[in-house]
Amino acid sequence: QVPVAGSGGGLVQPGDSLTLSCTVSQWYLLGWFRQAPGKEREFVAAVSWPGTRKEYARAVKGRFTISRDNTKNMAYLQMTNLRPEDTAVYYCAARRGVSGALYTRENDFTEWGQGTQVTVSS
């Protein structure tokens with residue numbers, strides 16, 4: 001099953017919150033990446049299968065929360081206290097892995113969803 005970046009993107013003001021969602025299959029770990037205009041794609045957060053380990057980029061730690069609901073085959077990125085520098089196209093990505101395995105490099109992921117735009121502006 002290929003992950004798909006579902007609903008959640010949009011235009012918000014600084015300090016607002018947004019939640020992005022993505023489908024994810026059993027035995028797949030899930031990562032979120034983002035790409036701002038003129039910049040390279042960067043790691044945001046990742047969650048292992050079945051969800052015991054999580055990792056965050058320093059820029060979002062404490063503001064973003066990654067989670068998964070394995071009963072629904074869904075993963076989420078809850079973003080709070082959004083800042084203008086969070087503006088980017090957000091991608092979810094997945095790869096099959098053993099329980100507890102976690103990856104943060106773009107090249108480690110084999111399945112990519114289409115991006116969803118998040119714009120933070122007043």
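A. Structural detail: the nonpolar core. One finds Leu30, Trp32, Leu77, Met79 and Tyr90 to be the most contacted residues of the largest nonpolar core, which totals 34 residues. Secondary-structure elements contributing two or more residues to this core are strand E2 (18-23), strand E3 (28-35), strand E4 (42-47), strand E6 (64-69), strand E7 (74-79), strand E8 (88-96) and strand E10 (116-120). Not counting chain neighbours up to four residues away, the residues in contact with Met79 comprise Asp16, Ser17, Leu18, Leu20, Arg63, Phe64, Tyr90 and Val118.

B. Inspection of the sheet that holds E6 at higher detail. Overall, antiparallel pairing links the three strands, which are arranged E2-E7-E6 in an open sheet. Two strands close off the open sheet at either side, each with one partner strand: E2 and E6. Direction aside, the axes of adjacent strands within the sheet are offset by 20 degrees on average. Direction of pairing for E6 relative to E7: antiparallel, over a ladder of six bridges. Note that in E7 the partner of Asp69 across the bridge is Met74.

Conventions we followed
- Residues numbered from 1 in each chain as written.
- Predicted model: local features only at pLDDT ≥ 70, side-chain atom pairs only at ≥ 80, totals over all residues.
- Heavy atoms only, no water.
- Core = buried A, V, L, I, M, F, W, Y, C linked by side-chain atoms within 4.5 Å.
- Buried < 20%, exposed > 50% of the residue type's maximum accessible area, 1.4 Å probe, protein only.
- Helix = DSSP H or I, 4+ residues; strand = E, 2+ residues; numbered from the N terminus.
- Contact = heavy atoms within 4.5 Å.
- Pairing = 2+ DSSP bridges.
- Axes fitted to C-alpha atoms, helices over the stretch in contact; angles between N-to-C directions.

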